[in-house]
Amino acid sequence: MPQMNMVQAINDALRIAMRKDERVVVLGEDVGKVGGVFRVTSGLFDEFGDSRVVDTPLSEGGIIGAAVGMALYGMVPVPEIQFSDFIWPAYDQIVSEVAKYRYRSGGEYTSKMVIRTPVGGGIRGGHYHSQHPEAQFIHVAGLKVVCPSNPYDAKGLLLASISDPDPVLFFEPKRVYRAAKGDVPEGEYTVPLESASVAREGQHVTVIAYGAMLYEAIDAAEKAAAQGVEAEVIDLRTLWPVDIETILTSVKKTGRLVIVHEAPKTCGFGSELLSLVCEKAFYHLEAPPVRVTGYDTPFPYTLEMEYLPLSHRILPALLETARAA
Amino acid sequence: MTSAIESIYTEFASQDDVVRVLKSDGSLDPRLDPGLSAEEAVYLYRHMLLTRLVDERLVTLQRQGRIGFHIGSLGEEATIIGSAFAMRKQDWLFPCYREFGAALLRGFPLQRYFDNMFGNANDPVKGRQMPDHYTCKEAHFGSVSSPIGTQITQAVGFAWAAKIQKHDVVVLSYFGEGATSSNEFHNGLNFAGVFRTPTVFFCRNNGWAISVPIERQTASRSFADKGEAYGVPGVRVDGNDIFAVIAVTREAVRRAAEGQGATLIEAITYRMGGHSTSDDPTRYRDKALLEPWSDRDPLGRLRGYLDRQGLFPEAEELKFRSEVDARLKEAVDVAEKTHAPALETLFDDVYASLPWHLEEQKAELLAGPRAPAPHH
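Note that the structure is a prediction, hence the values are computed from the model and not measured.

1. Some points on the overall build of chain B
On a plain count of helices and strands, chain B comes out with 12 helices and 10 strands. Taking 2.2 N^0.38 as the reference for a compact globule, 376 residues should give roughly 21 Å; the C-alpha atoms of chain B span a radius of gyration of 21 Å, in line with that estimate. The principal-axis extents of the C-alpha atoms in chain B amount to approximately 70 × 50 × 40 Å. The burial tally for chain B puts 51% of its 376 residues in the buried class. A sequence separation of at least 24 residues applies to 75% of the contacts in chain B between residues at least 6 apart.

In structure tokens:
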């Protein structure tokens, strides 16, 4: 089985989807000849030509607005927003249009597309190349939100996202674009949306993470194991609709919960996860749940490793939660 | 090669750059006469009149508290009916929110429109949007959205997709002159220019964006001028002259279909009513401003042509008016008696199928207490 990194796996998924279905088109800034600033769309322009792999003018609102029109015509656009920090000019189209078309038209029109965009920090990107804005999209009725952590899942989830009938926001953790490597089967396969995976089994405390922070959670879990605490690490994979069963099964087993994400704490996705656990498994909790997240500040440059919820911050939270009486 | 639009533009430069066909004496300028048959001229007049009568009825219903809202097209009927008429059967319209007349002309059933006005169970959008926010795919008519300009880039993407698939389809996007200040106007024209999409940008310049006059939307010489920055030819047309609207729109469709790209049409008209039934234009607009436009009423002007041709005499018009009156009465009766959408439909179509969290919330709604207020 070939070894791939995330970039190669996502590229492979795009190529498979485009070969299989002529309606699939890729559009965005620099996605064509140069193959994207992270090279995720590398080679697609040569294979599929400039009517299916389109370098667009520099306008996120234009990219998503045009993609909506293409979707209404029956195509399956896979637009790329070069950095998720730049997605906001398209927010009106995503919130008011992409997410609402099926509902507001009584099911007559759909605006099916997969918006791919790199997310996350730890790449010396500063404020405008580092943010992780999933919460602003999970809050919007009508969107599905995906964030893989490894090449196998990235390929399988992207293929599942493209064939899913609903619009999907596909967040790609750029810190591990090339660092995360693994076996990736050739050809088509899917990883079902709305299914989390248990990345590490344990019985003392549950840790929920996704994207690049999964590796930090696993690292902290390994260190905790040396101190006799076995953490169960859940990789959400699909953020919304979230796989609540996998979360509840684990929390009911451990009675303790740590949630990790890069985005700021207040009204971050961790708030919703914690509320769901409190509503559905309150009496199983044996210690106050803890969130280890980015701070409620803009994303910093020089001090980014202090801002991010890395292993060194997850470990004490995990031990404290596991040991709380 | 100079396109016909450009030659029209040049030829009429002496008349403030505004294309006109229908003269004040009811005759047509032979240079641009779109060559409508007598039946077509009567058909258009009937549709403009229907549009006006529907408007009047809906305003009355809103004043009576029987519907919540209406956004009408009083005075702008020629821009809407003329442009919709000029599109070919395979073409598509991406509406703003003031073009119900175009939808009806393209085959949107009158009853469905009234169902939408009442938000009942037969409303094509299942009571999920305000009145006048409908959808009719069958009529090749898009989906009405309130945010300004969003349909402009969508019309470009739709036309672009048709072009990629080598389908002979042209897409017209309606918007008001206020929308030319939106991001989407810039994005849409820019993408259309770069990718030469078969799009017709139809700007109804009705003088007002709610209370804000055109001087506060732009310092450009005209709204049509804005096309030049994007490589999209712009043309100004007398929007109360249905013959001119048809001639100019047809030319834009021809250009688009022949691969010459998009056209920006600025149809100059005037919003004779408020922005919507929620607006009170007496707070910001002197009534004297309406007087010159009353003389340019698009129905009156087409009526002048019909009189000169001896078409659709008054007796026929009166008969038509009473037929429309009966149809509207029935449509209102049926729509008003139709029950509200079923409670559980609140959760349909958010996604293709119901995820667990919406299953939970649906069960919660169905098992919970009902709201005290009656549904619309």
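The rest of the description comes next.
2. Section: the overall build of chain A
Each helix and strand in chain A was counted, giving 12 helices and 14 strands. Over its C-alpha atoms, taken along the principal directions, chain A stretches across nearly 60 × 45 × 40 Å. In chain A, buried positions account for 60% of the 325 residues. Long-range pairs, those at least 24 residues apart, make up 80% of the contacts in chain A between residues at least 6 apart in sequence.

3. What about unusual backbone geometry?
Here the residue pair A:Trp240 and A:Pro241 is connected by a cis peptide bond, since its omega of -5° sits within 30 degrees of zero. Mapped onto the secondary structure, A:Pro241 falls in the loop between strand 12 (238-240) and helix 9 (244-254). Even without a glycine there, the phi angle at B:Lys166 is positive, about 60°. Following the sequence through the fold, B:Lys166 ends up in the loop between helix 6 (150-164) and strand 5 (171-176). For B:Asp349, which is not glycine, the phi dihedral falls at a positive 70°. Looking at the element boundaries, B:Asp349 is found in the loop between helix 11 (314-337) and helix 12 (356-367). With 22 C-beta atoms counted inside 10 Å, the residue B:Asp349 sits in the buried group.

4. Side note on the interface of chain B and chain A
Tallying the contact residues gives 35 residues for chain B and 35 residues for chain A. With 11 residues, the single largest contributor to the side of chain B that touches chain A is helix 6 of chain B. Taken together, the residues that form the side of chain B that touches chain A break down as 17 nonpolar, 13 polar and 5 charged.

5. Quick word on helix 11 of chain B
All names here are of chain B. Compared with the 34 Å implied by 1.5 Å per residue over 24 residues, the 34 Å span of helix 11 between its first and last C-alpha is a close match. Of the positions making up helix 11, those classed as buried are Ala 331, Val 332 and Ala 335. Lining the buried residues of helix 11 we find helix 2 (38-63) and helix 5 (110-118).

6. Considering the environment of B:Pro281
Residue and element names in this part refer to chain B. Mapped onto the fold, Pro 281 is located in the loop between strand 10 (263-268) and helix 9 (291-295). When the 18 C-beta atoms within 10 Å are taken as the criterion, Pro 281 is described as partly exposed. When the C-alpha positions of Pro 281 and Gln 129 are compared, they lie 25 Å apart, and in sequence the two are 152 residues distant.

7. Considerations on the nonpolar core
Within the largest apolar cluster, 199 residues are counted, with the highest numbers of intra-cluster contacts made by A:Val207, A:Ala217, A:Leu318, B:Phe158 and B:Ile265. Considering every element that reaches this core, the biggest residue donor is helix 8 (residues 242-257) of chain B, with 10 residues. Residues contacting A:Ala217, with those up to four places away along its chain left out, are A:Val207, A:Ala209, A:Val233, A:Val260 and A:Ile314.

8. With respect to the domain arrangement of chain B
Once the domains are mapped, chain B shows domain 1 (4-341) and domain 2 (343-376). One C-alpha centre belongs to domain 1 of chain B, the other to domain 2 of chain B; they are set 36 Å apart.

9. Notes on the environment of A:Gly74
Residue placement: A:Gly74 occurs in the loop between helix 3 (60-73) and strand 4 (76-80). Its 13 C-beta neighbours within 10 Å are what place A:Gly74 among the partly exposed residues.

10. Here we look at the domain arrangement of chain A
Residues and elements named next belong to chain A. Looking at the assigned domains, one finds that chain A contains domain 1 (3-183) and domain 2 (197-323). One C-alpha centre belongs to domain 1, the other to domain 2; they are set 26 Å apart. At the interface, 25 residues of domain 1 touch 22 residues of domain 2. Going through the elements one at a time, helix 6 (135-138), strand 6 (144-146), helix 7 (151-163) and strand 7 (168-173) are the ones with two or more residues in the side of domain 1 that touches domain 2. If you tally residues by element for the side of domain 1 that touches domain 2, the top one is strand 6, at 3 residues. Looking at the side of domain 1 that touches domain 2 residue by residue, the class counts come to 12 nonpolar, 9 polar and 4 charged.

11. A short note on the sheet that holds strand 13 (residues 257-264) of chain A
Residues and elements named next belong to chain A. The mixed open sheet is built from 5 strands, whose spatial order is 9-11-10-13-14. With one partner strand each, in any of the chains shown, strand 9 (197-200) and strand 14 (290-294) form the two edges of the open sheet. On average, each strand axis in the sheet is tilted by 25° relative to the strand beside it, whichever way the strands run. Contacts between helix 8 (residues 213-226) and the sheet are confined to strand 9, strand 10 (205-209), strand 11 (231-235) and strand 13, with strand 11 contributing the most and set at about 170° to the helix.

12. Topic: the packing of helix 3 of chain A against helix 6 of chain B
Look at helix 3 of chain A against helix 6 of chain B: their axes get within 6 Å of each other, and the N-to-C directions meet at 55°. By the criterion of interaxial angle, the relationship of helix 3 of chain A to helix 6 of chain B is oblique. Judged by the twist between their axes, the crossing of helix 3 of chain A over helix 6 of chain B is right-handed. Contacts between helix 3 of chain A and helix 6 of chain B involve A:Gly62, A:Gly65, A:Ala66, A:Ala67, A:Val68, A:Gly69, A:Met70, A:Leu72 and A:Tyr73 from the former and B:Thr150, B:Thr153, B:Gln154, B:Ala155, B:Val156, B:Gly157, B:Phe158, B:Trp160, B:Ala161 and B:Ala162 from the latter. Tallied by class, residues from the contact of helix 3 of chain A with helix 6 of chain B come to 12 nonpolar, 7 polar and no charged.

13. So, the packing of helix 9 of chain A against helix 10 (residues 269-281) of chain A
Residue and element names in this part refer to chain A. Between helix 9 and helix 10, whose axes approach to 11 Å, the crossing angle comes to 65°. The element helix 9 and its partner helix 10 pack so that their crossing is right-handed. Residues Ile 244, Ile 247, Leu 248, Val 251 and Lys 252 of helix 9 pack against Leu 276, Val 277, Lys 280 and Ala 281 of helix 10. Class assignment of the residues belonging to the contact of helix 9 with helix 10 gives a composition of 7 nonpolar, no polar and 2 charged.

14. A few points about the pairing of strand 9 (residues 234-238) of chain B
Residues and elements named next belong to chain B. Among the 5 residues of strand 9, 5 are classified as buried, and the element is accordingly described as predominantly covered. Residue alternation in strand 9 divides its side chains into two sets, Gly 234, Arg 236 and Asp 238 and Val 235 and Val 237, and both sets are buried. Strand direction decides the pairing type here: strand 1 (residues 18-19) and strand 9, joined by 2 bridges, are parallel. Across the sheet, residue Val 18 finds its bridge partner in strand 9, namely Arg 236.

15. A short note on the pairing of strand 6 (residues 199-205) of chain B
All names here are of chain B. Taking burial as the measure, the 7 residues of strand 6 include 7 buried ones, the bulk of the element. The two faces of strand 6 match: Thr 199, Phe 201, Cys 203 and Asn 205 on one face and Val 200, Phe 202 and Arg 204 on the other face are all buried. As paired elements, strand 5 and strand 6 share 6 bridges and run parallel to each other. Paired with Gly 176 across the strands is Arg 204, a residue of strand 6. Note that the unit made of strand 5, helix 7 (residues 183-195) and strand 6 has a crossover that is right-handed. Taken together, the 6 bridges between strand 6 and strand 10 define a ladder with parallel strand orientation. Residue pairing in the sheet places Phe 202 in a bridge with Ile 265 of strand 10.

16. A closer look at the confidence of the model for chain B
Residue and element names in this part refer to chain B. Here chain B averages 94 in pLDDT, while 95% of its residues score no lower than 70. Every residue in residues 9-14 scores below 50 in pLDDT, and together they form 5 contacts with partners more than four places removed in sequence or on other chains. Quick note on the complex model: pTM equals 0.96, ipTM equals 0.95.

Calculation criteria
Residues numbered from 1 in each chain as written. Chains lettered and ligands numbered in written order. Predicted model: local features only at pLDDT ≥ 70, side-chain atom pairs only at ≥ 80, totals over all residues. Helix = DSSP H or I, 4+ residues; strand = E, 2+ residues; numbered from the N terminus. Rg over C-alpha atoms; globule rule 2.2 N^0.38 Å. Buried ≥ 20, exposed ≤ 12 C-beta atoms within 10 Å, placed from the backbone. Contact = placed C-beta atoms within 7 Å. Nonpolar A, V, L, I, M, F, W, Y, C, P; charged D, E, K, R; others polar. Expected span 1.5 Å × (residues − 1). Core = buried A, V, L, I, M, F, W, Y, C linked by C-beta atoms within 7 Å. Domains from an automatic or database assignment. Pairing = 2+ DSSP bridges. Axes fitted to C-alpha atoms, helices over the stretch in contact; angles between N-to-C directions. Parallel < 35°, antiparallel > 145°, perpendicular 65-115°, else oblique. Left-handed = near helix turned anticlockwise from the far one by under 90°. Right-handed = clockwise from strand over helix to strand, strands pointing away. pLDDT = per-residue confidence, 0-100.

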